[in-house]
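# Descriptive analysis of the structure
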Amino acid sequence: MAEIIASLGPINISRHVHSSPDWSIVDTPEAVSHLVDIICLEVVNRLTTSDPLQVPALYIDIQTVDDSSNQGHGSQSASISLLQIYLLPREHVYLVDVQTLGRQGAFETSGPTHGQSVKSLLESATISKVFFDVRTDAEILYHQYGVSLGGVQDLQLMELAARAVGPRSLRHLNSLPRCINRDLNLSILEQITCDKWITLQRKRSQVELANRELRRLNGLLFSSLSQAGERQHEEMEVEGEGYQLLKMERGMDISVRPLTKGSETMELIGLVVLNVRYLPGLWGEYERRLRPDTSHWQDEHETCKSREEFWRKRVEQATRERLELAKSGQYGLVSGAAGGKGKSKLMMLAPIGWD
């Protein structure tokens, strides 16, 4: 094990990376290769360090864009713009530019030391990876990029199980913004930044949802035109080739390239990293709630321990079910928004039997 660590040596992510103190953009195959070795190094270090809590090193999210060239519903019609990987031991977010790199460059580029790739790391059952609501992320990764996630801890399900310790209802799932606002003790400055991030997420979701509906209407329109002929086409008040899609406000479009310092996308990127920056704090909070301190309640210790094991097993089972259902493509049918990142009321219900 020590020989593997020593063999990695000093690693420079890439000279083609645009970075801030806590995040970097990975947009070349060389940068991906080095990133994979960085992750391998930290995972090995975790395995050789005694950690009773077994705190995960990787916290992951994806930013999607609607791709009209992909046929399907919801997440099956999306492509990934950025893959966000927060490496906790380094307190750094690596933004893998999947849009620029493509499927092979982003997911199949191997590291020089161990021959691992982003794909193999994501699929590994022995490397823990934390997501918040893995469903549509898993579906997009599987159907569009051939990645079958493994080793997943779903924070949304952990939060639901943690609620079981108290009197709160287990009927509905909570969103990430709600969890952050309710369960993290943010400073005033952090709260202001968080509010700005939530507003941005809401605006982007509204535009994406509207555009998906417009695409659906365009499909119905041209289907009718093909049956009714050109005369009906002339009578309809339609601009150009159909209803015009809404455009993102300046600085809100994650698909704008290149990602360079000083571009209007940089402020958006700074907010995007918050998607994963908050996850370790939430993981620690829900882990604490699932491990109640019963050292001074000897008569209740075994009861609490059994309850903890019961809810952990439920979380593990529900996570496995989410990953399996993602392969069927069912989430895209009910997600309701462009890129599959919107959440319908159905998707915000707790798993059957939890309430």
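The shown structure was predicted, so the numbers you read here are calculated from the model rather than taken from an experiment.

Moving on, we get to the packing of helix H3 (residues 98–108) against helix H5 (residues 135–145). Two numbers describe how H3 lies on H5: the axes approach to 12 Å, and their chain directions differ by 70°. By the angle between their axes, H3 is roughly perpendicular relative to H5. Contact with H3, carried on its side by Val98, Arg103 and Phe107, involves Leu141, Gln144 and Tyr145 of H5 and no other residues of that element. Considered class by class, the residues forming the contact of H3 with H5 number four nonpolar, one polar and one charged.

All right, on to unusual backbone geometry then. Positioned with a positive phi, Glu91 is a non-glycine residue whose angle comes to about 50°. With respect to the element layout, Glu91 can be found in the loop between strand E4 (78–87) and strand E5 (92–96). Positive phi, close to 60°, is recorded for Asp133, a residue that is not glycine. Position of Asp133 among the secondary structure elements: in the loop between strand E6 (129–131) and H5.

Right, let's talk about the confidence of the model for the chain for a bit. In the predicted model, the chain carries a mean pLDDT of 76, and the fraction of residues at 70 or more is 65%. Between residues 1–19, whose pLDDT stays under 50, and residues either more than four places distant or in other chains, the model counts 40 contacts. Per-residue pLDDT stays below 50 along residues 336–342; that stretch engages in 26 contacts with residues further than four places along the chain or on separate chains.

Moving on, we come to H5. Here H5 lies mainly inside the structure; nine of its eleven residues are buried. For H5, the full list of buried residues reads Arg135, Thr136, Asp137, Ala138, Glu139, Ile140, Leu141, Gln144 and Tyr145. Once H5 finishes, Gly146 follows within two positions and takes phi at roughly 70°, a positive value.

Turning next to the pairing of E5. Burial analysis of E5 places five of its five residues in the buried class, which makes it a mostly covered element. Here E5 shows a buried face lined by His92, Tyr94 and Val96 and a second buried face lined by Val93 and Leu95. Direction of pairing for strand E2 (residues 23–26) relative to E5: parallel, over a ladder of four bridges. Across the sheet, Ile25 pairs through a bridge with Leu95, a residue of E5. Pairing between E4 and E5: five bridges, direction antiparallel. Bridge assignment links Ile85 to a residue of E5, and that residue is Tyr94. Counting the residues that bridge the hairpin from E4 to E5 gives four residues, and of these Glu91 lies at a positive phi of roughly 50°.

Right, let's get into the environment of Val98. Its location among the elements puts Val98 in helix H3. Spatially, the C-alpha atom of Val98 lies 9.8 Å from that of Thr64, the residues being 34 residues apart in sequence. The residues touching Val98, leaving out its near neighbours within four places in the chain, are Ile80, Ser81, Leu83, Ala106, Phe107 and Tyr145.

Time to look at the pattern of salt bridges. Counting across every chain of the model gives 16 salt bridges. Glu123 is the partner of Lys119 in a salt bridge, and the nearest nitrogen-oxygen pair spans 3.0 Å. Note that Lys119 and Glu123 are positioned in helix H4 (residues 118–123) at a spacing of four residues, about one turn of the helix. Here Lys119 falls in the partly exposed class, since its relative accessible area comes to 22%. Residue Glu123 is classed as partly exposed on the basis of its relative accessible area of 28%.

This part takes up the packing of helix H6 (residues 155–163) against helix H12 (residues 279–290). Where H6 contacts H12, the two axes come as close as 9 Å, and the packing angle between them is 30°. In this structure, the crossing between H6 and H12 has a hand that is left-handed. When H6 is examined against H12, the residues Leu155, Met158, Glu159, Ala161 and Ala162 are found in contact with a partner set consisting of Leu279, Leu282, Trp283, Tyr286, Glu287, Arg289 and Leu290. Considered class by class, the residues forming the contact of H6 with H12 number nine nonpolar, no polar and three charged.

Looking now at the packing of aromatic side chains. Scanning all chains against the criterion turns up four aromatic pairs. With 6.3 Å between their ring centres and 50° between their planes, Tyr59 and Tyr86 make a pair best called tilted. In this pair, Tyr59 is assigned in strand E3 (residues 58–66) and Tyr86 in strand E4, connecting sequence segments 27 residues apart. Exposure remark for Tyr86: the relative accessible area of 5% places this residue in the buried category. With a centroid separation of 5.5 Å and 65° between ring planes, the pair formed by Trp311 and Trp354 is classed as edge-to-face. Highlighted residues: Trp311 in helix H13 (residues 298–328) and Trp354 in the segment after helix H14 (331–334), separated in sequence by 43 residues. Here the two residues Trp311 and Trp354 agree in accessibility, since each one is buried. An aromatic cluster is present here, built from Phe310, Trp311 and Trp354 joined pairwise through their rings.

Definitions and cut-offs
- Residues numbered from 1 in each chain as written.
- Predicted model: local features only at pLDDT ≥ 70, side-chain atom pairs only at ≥ 80, totals over all residues.
- Heavy atoms only, no water.
- Axes fitted to C-alpha atoms, helices over the stretch in contact; angles between N-to-C directions.
- Helix = DSSP H or I, 4+ residues; strand = E, 2+ residues; numbered from the N terminus.
- Parallel < 35°, antiparallel > 145°, perpendicular 65-115°, else oblique.
- Contact = heavy atoms within 4.5 Å.
- Nonpolar A, V, L, I, M, F, W, Y, C, P; charged D, E, K, R; others polar.
- pLDDT = per-residue confidence, 0-100.
- Buried < 20%, exposed > 50% of the residue type's maximum accessible area, 1.4 Å probe, protein only.
- Pairing = 2+ DSSP bridges.
- Salt bridge = Lys/Arg side-chain N within 4 Å of Asp/Glu carboxyl O.
- Left-handed = near helix turned anticlockwise from the far one by under 90°.
- Phe/Tyr/Trp six-rings, centres within 6.5 Å; stacked < 30°, edge-to-face > 60°.

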